[in-house]
2 protein chains.
Amino acid sequence: MLPSHRVADALVTVTADQNPVAGQDVLVRQTDHEFLFGCTGFDRDIPLADQWFELFNFATLPFYWGQFEGEMGRPQTEKLMEMAWFFKDRGVPVKGHPLAWHTLAPDWLLDLNNGEIAAAQVARITREVTDFSGVIDMWDVINEVVIMPIFDKYDNGITHLCRDIGRIPMIRMVFDAARHANPSATLLLNDFDMSAAYECLIEGVLEAGVRIDALGLQSHMHQGYWGEERTLETLDRFSRYGLPIHFTETTIVSGHLMPPEIVDLNDYQIDEWPSTPEGEERQADEIVRHYRTLVGHPAVRAITYWGIQDGEWLGAPGGFVRADGTPKPSYHALRNLVRGEWWLPETTVRTDEEGRLPLRGFKGTYTIEHQGRTGTVNLGNGSTPGGSAIVCELVP
Amino acid sequence: MLPSHRVADALVTVTADQNPVAGQDVLVRQTDHEFLFGCTGFDRDIPLADQWFELFNFATLPFYWGQFEGEMGRPQTEKLMEMAWFFKDRGVPVKGHPLAWHTLAPDWLLDLNNGEIAAAQVARITREVTDFSGVIDMWDVINEVVIMPIFDKYDNGITHLCRDIGRIPMIRMVFDAARHANPSATLLLNDFDMSAAYECLIEGVLEAGVRIDALGLQSHMHQGYWGEERTLETLDRFSRYGLPIHFTETTIVSGHLMPPEIVDLNDYQIDEWPSTPEGEERQADEIVRHYRTLVGHPAVRAITYWGIQDGEWLGAPGGFVRADGTPKPSYHALRNLVRGEWWLPETTVRTDEEGRLPLRGFKGTYTIEHQGRTGTVNLGNGSTPGGSAIVCELVP
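Residues numbered from 1 in each chain as written. Chains lettered and ligands numbered in written order. Predicted model: local features only at pLDDT ≥ 70, side-chain atom pairs only at ≥ 80, totals over all residues. Heavy atoms only, no water.

- Per an unreviewed UniProt entry, chain A is named Beta-xylanase, and its organism is Herbidospora galbida.
- Chain A has a UniProt comment under Sequence similarities (unreviewed entry) that states "Belongs to the glycosyl hydrolase 10 (cellulase F) family."
- In UniProt, chain A has this text filed under Catalytic activity (unreviewed entry): "Endohydrolysis of (1->4)-beta-D-xylosidic linkages in xylans." (UniProt positions renumbered as here; feature names shortened; annotations may be inferred.)

**Description of the relation of the copies chain A and chain B**
The operation relating the two chain copies consists of a rotation about an axis and a shift along that axis.
And step 1. Mapping chain A onto chain B calls for a rotation angle of 180° and an axial translation of 0.0 Å; the resulting RMSD is 0.0 Å. Those values place the two copies in the arrangement expected of a two-fold rotation axis.
And step 2. By residue overlap, the copies meet face to face through one surface: 100% of the interface positions of chain A are interface positions in chain B. (Least-squares fit on C-alpha atoms with pLDDT ≥ 70 in both. Contact = heavy atoms within 4.5 Å.)

**A closer look at the pairing of strand β4 (residues 36-40) of chain B**
All names here are of chain B.
And step 1. Of all five residues making up β4, five are buried, and the element is well covered by its neighbours.
And step 2. By the alternation rule, side chains of β4 split into Leu 36, Gly 38 and Thr 40 and Phe 37 and Cys 39, which are all buried.
And step 3. Bridge analysis of β4 against strand β11 (residues 300-305) gives four bridges, and the strand direction is parallel. The partner of Gly 38 across the bridge, within β11, is Thr 304.
And step 4. Note that β4 and strand β5 (residues 58-62) share three bridges and pair parallel. The partner of Cys 39 across the bridge, within β5, is Ala 59.
And step 5. Handedness of the crossover joining β4 and β5 through helix α1 (residues 49-55) is recorded here as right-handed. (Buried < 20%, exposed > 50% of the residue type's maximum accessible area, 1.4 Å probe, protein only. Helix = DSSP H or I, 4+ residues; strand = E, 2+ residues; numbered from the N terminus. Pairing = 2+ DSSP bridges. Right-handed = clockwise from strand over helix to strand, strands pointing away.)

**What to know about the nonpolar core**
Within soluble globular proteins, side chains that are nonpolar generally end up buried alongside one another.
And step 1. Residues A:Phe320 and B:Phe320 are the most contacted members of the largest nonpolar core, which totals 234 residues.
And step 2. Excluding its chain neighbours within four sequence positions, the residues that come into contact with A:Phe320 are A:Leu55, A:Phe56, A:Ile287, A:Tyr291, A:Tyr305, A:Ile308, A:Pro327, A:Lys328, A:Ser330, A:Tyr331 and A:Leu334. (Core = buried A, V, L, I, M, F, W, Y, C linked by side-chain atoms within 4.5 Å.)

**Digging into helix α4 (residues 114-131) of chain A**
Residue and element names in this part refer to chain A.
And step 1. Between the first and last C-alpha of α4 there are 25 Å, a value that for 18 residues agrees with the 26 Å anticipated at 1.5 Å per step.
And step 2. Buried within α4 are the following residues: Ile 117, Ala 118, Ala 120, Gln 121, Arg 124, Ile 125, Glu 128 and Val 129. Along the long axis of α4, the arc covered by the buried residues comes to 165°, so they all point the same way.
And step 3. Buried-residue contacts for α4 involve α2 (65-68), β7 (138-143), α5 (157-165) and α6 (167-181).
And step 4. Capping the start of α4, Asn 113 holds a side-chain oxygen 3.0 Å from the backbone nitrogen of Gly 115, two or three residues further along. (Expected span 1.5 Å × (residues − 1). Arc of directions from axis to C-beta. Polar contact = N/O pair within 3.5 Å; in protein donor to acceptor, adjacent residues only side chain to side chain.)

**Considering the packing of aromatic side chains**
Residue and element names in this part refer to chain B.
And step 1. One pass over the structure, following the stated rule, counts 48 aromatic pairs over all chains.
And step 2. Centroid distance Phe 63 to Phe 132: 5.0 Å. Interplanar angle 90°. Geometry classified as edge-to-face. Here Phe 132 lies in the loop between α4 (114-131) and β7 (138-143) and Phe 63 lies in the loop between β5 and α2 (65-68), a separation of 69 residues in the sequence. Across the pair, Phe 132 and Phe 63 agree in class, each one buried.
And step 3. Relative to Trp 101, the ring of Tyr 64 has its centre 5.9 Å away and its plane inclined at 45°; by these criteria the two rings are tilted. On the criterion of sequence distance, the pair formed by Tyr 64 in the loop between β5 and α2 and Trp 101 in the loop between β6 (94-97) and α4 is long-range, its members being 37 residues apart. (Phe/Tyr/Trp six-rings, centres within 6.5 Å; stacked < 30°, edge-to-face > 60°.)

**Observations regarding the sheet that holds strand β12 (residues 347-350) of chain B**
All names here are of chain B.
And step 1. Across the sheet, which stays open at both edges, the four strands sit in the order β12-β3-β14-β15 with antiparallel pairing between neighbours. What marks the edges here is a single partner per strand, and that holds for β12 and β15 (373-379). Each neighbouring strand pair of the sheet contributes to a mean axis angle of 30°, computed without reference to strand direction.
And step 2. Taken together, the four bridges between strand β3 (residues 25-33) and β12 define a ladder with antiparallel strand orientation. Looking at the pairing, Val 26 lines up with Val 349 of β12. (Axes fitted to C-alpha atoms, helices over the stretch in contact; angles between N-to-C directions.)

**Notes on the interface of chain A and chain B**
And step 1. On the chain B side, the residues contacting the 21 residues of chain A number 21 residues.
And step 2. Note on chain A versus chain B: buried area summed over both sides is about 1800 Å², and carbon and sulfur give 56% of it.
And step 3. On the surface where chain A and chain B come into contact, there are eight salt bridges.
And step 4. Put simply, chain A and chain B have eight residue pairs in polar contact (both at pLDDT 80 or more) between them.
And step 5. Here the side of chain A that touches chain B gets eight residues from one element, more than from any other, and that element is helix α7 (residues 196-207) of chain A.
And step 6. When the residues that make up the side of chain A that touches chain B are grouped by side-chain class, the tally is ten nonpolar, two polar and nine charged. (Buried area = accessible area lost by both parts, 1.4 Å probe. Salt bridge = Lys/Arg side-chain N within 4 Å of Asp/Glu carboxyl O. Nonpolar A, V, L, I, M, F, W, Y, C, P; charged D, E, K, R; others polar.)

**As for the sheet that holds strand β8 (residues 186-191) of chain B**
Residues and elements named next belong to chain B.
And step 1. As summarised here, the arrangement of the eight strands in space is β4-β5-β6-β7-β8-β9-β10-β11, forming a closed barrel in which the pairing is parallel. Looking at each pair of strands side by side, their axes are set apart by 25° on average, direction ignored.
And step 2. Alignment of strand β9 (residues 214-221) against strand β10 (residues 245-252), held across seven bridges, turns out to be parallel. Of the residues in β10, the one forming a bridge with Leu 217 is Phe 247.
And step 3. Contacts from helix α3 (residues 77-88) reach β5 and β6, with the element oriented near 175° to β5.

**Observations concerning α3(B)**
Residues and elements named next belong to chain B.
And step 1. Taking 1.5 Å as the rise per residue, α3 with twelve residues should run 16 Å; its terminal C-alpha atoms sit 16 Å apart, in good agreement.
And step 2. All of the buried residues along α3 are Thr 77, Leu 80, Met 81, Met 83, Ala 84, Phe 86 and Phe 87.
And step 3. Buried positions along α3 lie against α1, β5, α2, β6 and α4.

**Focus on the UniProt feature "domain: GH10" (unreviewed entry) in chain A**
And step 1. Mapped onto this numbering, the UniProt entry gives "domain: GH10" (unreviewed entry) at residues 21-337 of chain A.
And step 2. Its end C-alpha atoms 33 Å apart, residues 21-337 of chain A is made of 37% helix and 18% strand.

**Section: the pattern of salt bridges**
For side chains of opposite charge, pairing can occur when their charged atoms come near one another.
And step 1. This model, assessed by the stated rule, comprises 64 salt bridges over all chains.
And step 2. Put simply, A:Arg127 and A:Glu69 hold a salt bridge, and the shortest N to O gap is 2.7 Å. In this pair, A:Arg127 is assigned in helix α4 and A:Glu69 in the loop between α2 and α3 (77-88), connecting sequence segments 58 residues apart.
And step 3. Residue classification places A:Glu69 among the buried positions, given a relative accessible area of 4%.
And step 4. Among the salt bridges present, the one from B:Asp267 reaches B:Lys153, with a minimum N-O distance of 2.5 Å. Taken together, the positions of B:Asp267 in the loop between β10 and α9 (277-295) and B:Lys153 in the loop between β7 and α5 (157-165) put the pair 114 residues apart, joining distant regions of the chain.
And step 5. Judged by relative accessible area, B:Asp267 falls into the partly exposed class, the value being 47%.
And step 6. In this structure B:Lys153 comes out as partly exposed when scored by relative accessible area, which is 42%.
And step 7. The network of salt bridges with shared partners includes A:Arg167, B:Glu199, B:Glu203, B:Glu233, B:Arg237 and B:Arg240.

**Regarding unusual backbone geometry**
And step 1. At the junction of A:His97 and A:Pro98, the peptide bond is cis and its omega measures out at -25° in the coordinates.
And step 2. Here A:Pro98 shows up in the loop between β6 (94-97) and α4.
And step 3. A positive phi is found at B:Leu104, a non-glycine position, where the angle reads about 60°.
And step 4. For B:Leu104, the position within the fold is in the loop between β6 and α4.
And step 5. Since its relative accessible area comes to 33%, B:Leu104 is described here as partly exposed.

**Notes on the confidence of the model for chain A**
And step 1. Per-residue pLDDT for chain A averages 95, and the proportion of residues at 70 or more is 98%.
And step 2. Here the predicted complex carries an ipTM of 0.88, next to a pTM of 0.92. (pLDDT = per-residue confidence, 0-100.)

Have a look at this one:
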């Protein structure tokens, strides 16, 4: 049951040395998805690399300014560059998160006036987006602007600035800086507020002529899985703008739920938040329902899960892998989707007398192999529903 | 304890036939406030006219489209014109409420396509604002836009249109129509949503260059008085735009509170919602605190109370006057403010040898009387803190 917008058809002509590979058995293998099945790739995830790459093809790396440049003028560029290459080398695109946010803003901004804070914010964006261009070409440019000017948990320079200049000028400033530093980057606006507030903000930003490449919808579900109805209702509202949607920061726990009265998730920090057998069954079921719902909606281009392993954020049992490194039922459940139901099994196909074979599958990347030679086919949005013609040259 | 921004000083030279009225005892009387102490002036209020005019100097009249023009092409212009003149004749400015709203939109809009709905909305605004120009020069142009495109309690044409064209183009369209029909009118954007959503909407509208003359903040408190802290926090957030603020639709009940779990006030309709002695004491206390807080904030220009008498909306005991027409403690409490603490007592003052007298009082209108002659002085924003010079010519 593949959603039709995720499937493409092509008529592939297989060639070797420009000649059709006619009447031959060739091996067709899917190697990647066009859909971005993402996850954080923070330090702690890297020991779990084998498990990580089984589920995911898209990494989000931490660029929290207060950590990245805790001391003014000493950015952690080298460390992050190494992390980014770790994924890039394995064919996994990387997103940087976030370039502007009031939370985890560096304390040293508080010594600056608003003009200086704005200049520092623009310079930081220009530096990171330039330095990582070609390695990281996707950014959560700004995070949680809905509450940015009224955030009152602690004093910080970004709230000062946003309150002073207003939300839309703030967004315009940071997007302009990122766009200028890397014109081909994919730039996201990201928020946790799924209310009409975020709609109003988006509409204002679009009316103001700021170009947004994709909308990020955070979806931490420490207080319980949203369910299909709420998820679809949310998608319905945010897909009205015709922009690609990324479900960012998804968490579904396999332990007890966070009490409903907690408003800021950061306020719930407990000593032990165990993963339980019942919780793990529930989580696996909800993961399948959630991924099916999102993959089933044509506006969604990416899902970024927030931490492959338990305990990564708020000590919550939100991972696919327990703290001891063993996979949970949710791990197998998601793998069954991304490498099973939504994955073309390795198939041997006989080409016709002109070297052609029909290829139909989940949009993504495929290899065709024959007698030690390999070629690559991208089955994607370029492929027409009626089946486009692609030539695949096999090379040794 | 008058808030200083509500007080003005002037040095008034009293003249008669252009000659100074020197060394004479003259009678100074306040006749009006610059601050708009408003209330609905819906049909049912008019029997209470004596009580109404003791408390209020500003009326809001109902222009709900579905009632005003329940049958397409048959507007209730004559009836509303009569109501508007009732107040206008008594020196009370009138606001029309509202020109565009999804609730109480006429059913016949559902037979139109979105282009036709837009044309009908613009034509309706042009008609009412033109017809009432000079009688009603203040309008709640559009109501509750935050939820307008996602309102799902019942199907209606305005939600269709707003969802189609977006919130800001909708606001631009209706404000343009109203502004064009009466360039000197005061035009309000009004909402009940006091969250960041309304902030985001306002910021988007202002960035888009739509001119708003005042922001309406609804403040129905059927679920309990907000308290000073929440009220000031709300004012703090919405005064950032430098726009005058009207507290519109204020209700404080003198009976039991509506349960906190009710989200839409319209969902709580009960057979009897009595006013109680304890509730009336509480209401009187809260009315004084609420009006003091708002009059104490320089951005607030108007408070519109929603119904002088109990039972006017949702059957709630929200009035200053009980259903039987007797005044509650809140009536006397508010009267003690607007005609007491914030009102210059009738005073006899002796003019100096050049006919001058110093006048210091709550911004508003004053008369000066002497030997059967009367003159009028406006003590308002034009008066400088240092005391401006005003000439007041007394006429027979």
